[in-house]
Each structure stands twice: as C-alpha cells, then as structure tokens.
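Read off the chains here:
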Amino acid sequence: MHAMNLAENLAAVQQRIRAACQRVGRDADSVLLLPVTKSQPPEVVNAAAALGLSIFGENKVQEAKAKIPLCSDRLRWHFIGHLQTNKCRDAVELFEMIQSVDSLHLAQELNKRAEQAARRMPVLVEVNVAGERSKFGYAPERLLAELPALNALPRLEIRGLMTVPPWSPDPEKVRPHFRRLRELREQCEQILGAPLPHLSMGMSGDFEVAIEEGATIVRIGTALFGPRPPARRAAAADAGAAD
Ligand SMILES: *Cc1c(COP(=O)(O)O)cnc(C)c1O
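So, a few notes on the structure that sits alongside this text. (Residues numbered from 1 in each chain as written. Predicted model: local features only at pLDDT ≥ 70, side-chain atom pairs only at ≥ 80, totals over all residues. Heavy atoms only, no water.)

## Regarding the environment of methionine 201
Mapped onto the secondary structure, methionine 201 falls in the loop between β7 (198-200) and α8 (207-212). Taking the C-alpha atoms as reference points, methionine 201 and glutamate 157, 44 residues apart in sequence, are found 19 Å from one another. With near-sequence residues (within four places) excluded, methionine 201 lies in contact with Thr163, Phe178, Leu181, Ala210, Glu213, Gly214, Ala215, Ile217, Val218 and Arg219. (Helix = DSSP H or I, 4+ residues; strand = E, 2+ residues; numbered from the N terminus. Contact = heavy atoms within 4.5 Å.)

Spelled out as structure tokens, the structure:
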C-alpha cells in the first residue's frame, strides 16, 4: 500500500463520514473513525499515524503484542476480536478499550486482570444481533438479563455496544441490524439508569448506513488500507514449505 493511496483513501472515507453525518443532522465529530490494522505491518500503522490517526483497532492479541511495540508509542489501541480468557492479562496491558466483551465469564476475568493492573477498563459489549451461529456476541435477551451482573464488576466501565452484523453486498439490507443495536442500547440504558455513549458498528462496506443509524465508532480496514495481506499463518506455512 503506497502512502499516497492511503492519504487519498483516508480523505475519501472522511468525506463519506461527513456526508453521512450531514444527511441525518449529526456533527461529524460525533463519529470516531477506527482504522483496523489487523494483518497490516507496523509501517502501515505508522504511515496512518503520520496522517493524523491515533487510535487503531486490532483483533488478535498475539498479533497486537508483536506489532504495538514497533509502532509509534503515542498511539492508542482498541481490541475488536474474540478475546480468550487466557489473553486477558495481555489485553489489559495493550488496549485502551475492549470492544468485544461477549460473556459474563470473560468480563469477570477482565475485571480481575484490570484490578491486578490497578486500572479501570472501558468496554463495549458485543451483540450478535442476527443470532448467527458462526459469530460471537451476546444474544440480545441474554444481554438484557446479564447486564446488571456485568455492570456490577467494579473495574469495568460499560461504554456501549458493538456488533458485526451479517454481511451483505447491499448495505441497506444491514440497516435493520444497526437499528436493532440502537434500540437495544436504549433498553440497556433504561436498565442501567445511565447513558451508554457508544455504538460501534459499520465497516468498509456499510459504514455510511451505520452512521445514519447512530454509529459513534466505525471500524474500517479495507477502505483505508486496501485488501489485507494473506494471513501470517499462511505466510509461515509457505516459508516452511520452502525450507
Ligand atoms: C476486520 C474487521 C473490521 C474491518 O473490516 P473491513 O471490512 O476491512 O473494513 C471491522 N470490525 C471487525 C470486528 C473486524 O474484524
């Protein structure tokens, strides 16, 4: 990926974010563009940082642990993938926010690790809005039932909800799922008696519709960085075969 393309892609995405905000009377500052750098090397992260981006998303703890020390140290990181309990300690060290809390068990482990690290951990709760078998995330009914227990964990700050809805080539088909997450947030706010500021929803193919439905964080990979390089595991396997 050439730095020039990255600058152009970023300008185009930012323009599309502004236009989507304008269509629904929102302030463009109310949407955080979270560049997703999974499978991208540190040089790409640093090129994006040089263009003014400062918060990045990663979906694997191992990859982030190797990459983050090679990137500018003024960057902040959000975790957006499925988190295993045995990676919570590293996650608490590496990330400013965990967007993908998907069970009470995981939340309890994060709470414990945050306490050991003497910090508070802002989190989003991931919701499987369409009940897809292949995806992680809370079923909406289960979230409503467990929300008080999640909220009682003293080291976690629940800041909102996140979802990865079913993919469709037609973003309008995804709109009802974004709307569902917004409605679920309202129900959660009523249970908690407190506002939940964030809705993390919308990716390269559908972020404008997500913004129209209230997204405050859009997680964008390919629209900024182009197609992802092949997975590291495949690259390692190739290297092994060559030996
Ligand atoms: C990869 C990923 C994204 C970004 O996807 P693009 O379609 O490349 O924009 C967003 N959210 C999550 C959870 C991801 O894993």
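Text resumes after the structure shown.
## Structural notes on the layout of surface pockets
Empty space within the largest pocket amounts to approximately 540 Å³. Lys38, Asn59, Ile80, Gly81 and His82 are the residues nearest the centre of the largest pocket, which is lined by 25 residues in total. (1 Å grid on protein atoms, 1.4 Å probe; cavity = no way out; pocket = protein on both sides within 12 Å on 5 of 7 lines; lining within 4 Å. Points joined across faces, edges and corners; volume = space filled by probe spheres on them.)

## Focus: the site of the ligand
Around the ligand, a shell composed of Val36, Lys38, Ile80, Val164, Met203, Ser204, Arg219, Ile220, Gly221, Thr222 and Arg228 is seen. Between the ligand and serine 204, the relevant distance is 2.5 Å, taken from an oxygen atom to a side-chain nitrogen or oxygen of the residue. Between threonine 222 and the ligand, the recorded distance is 2.9 Å, taken from a backbone N or O atom to an oxygen atom. For the ligand, whose unbound accessible area comes to 390 Å², protein coverage reaches 89%. A majority-of-atoms criterion places the ligand in the largest pocket. Here the shell around the ligand is built from residues that sort into 5 nonpolar, 3 polar and 3 charged. (Near = heavy atom within 4 Å. Polar contact = N/O pair within 3.5 Å; in protein donor to acceptor, adjacent residues only side chain to side chain. Areas by Shrake-Rupley, 256 points an atom, 1.4 Å probe, with all protein chains shown as cover. Sits in = over half its atoms within 2 Å of the grid points. Nonpolar A, V, L, I, M, F, W, Y, C, P; charged D, E, K, R; others polar.)

## A short note on the pairing of strand β2 (residues 55-58)
Here is the key point about a regular strand: its side chains alternate between the two faces of the sheet. Of the two faces of β2, both are covered, the one formed by Ile55 and Gly57 as well as the one formed by Phe56 and Glu58. For the handedness criterion, the β-α-β arrangement of β2, helix α3 (residues 61-67) and strand β3 (residues 76-79) is classed as right-handed. (Buried < 20%, exposed > 50% of the residue type's maximum accessible area, 1.4 Å probe, protein only. Right-handed = clockwise from strand over helix to strand, strands pointing away.)

## Considering the side chain of asparagine 128
With respect to the element layout, asparagine 128 can be found in the loop between β5 (121-127) and α6 (140-151). Here glutamate 132 takes part through its backbone oxygen, which lies 2.8 Å from a polar atom of the side chain of asparagine 128. At a separation of 3.2 Å, a polar atom in the side chain of asparagine 128 contacts the main-chain carbonyl oxygen of lysine 135. Residue contacts for asparagine 128: discarding those within four places in its chain leaves Lys135, Phe136, Gly137, Tyr138 and Pro140.

## Examining the packing of α6 against helix α7 (residues 171-192)
Across the interface, α6 lies against α7 with an axial gap of 10 Å and an inter-helix angle of 35°. Viewed along their axes, α6 and α7 form a crossing whose handedness is right-handed. Of the residues in α7, those in contact with Pro140, Glu141, Leu143, Leu144, Leu147, Pro148 and Asn151 of α6 are Arg180, Leu184, Gln187, Cys188, Ile191 and Leu192. (Axes fitted to C-alpha atoms, helices over the stretch in contact; angles between N-to-C directions. Left-handed = near helix turned anticlockwise from the far one by under 90°.)

## What about the side chain of serine 204?
Mapped onto the fold, serine 204 is located in the loop between β7 and α8. For serine 204, a relative accessible area of 17% corresponds to the buried category. Polar contacts involving the side chain of serine 204 include one to the main-chain amide nitrogen of alanine 223, which spans 2.9 Å.

## Side note on the pairing of strand β6 (residues 156-163)
Of all 8 residues making up β6, 6 are buried, and the element is well covered by its neighbours. As paired elements, β5 and β6 share 7 bridges and run parallel to each other. Within the sheet, the bridge partner assigned to valine 125 lies in β6 and is leucine 161. For the handedness criterion, the β-α-β arrangement of β5, α6 and β6 is classed as right-handed. Inspection of the sheet shows β6 paired to β7 by 3 bridges, in the parallel sense. Paired with glycine 160 across the strands is histidine 198, a residue of β7. For the handedness criterion, the β-α-β arrangement of β6, α7 and β7 is classed as right-handed. (Pairing = 2+ DSSP bridges.)

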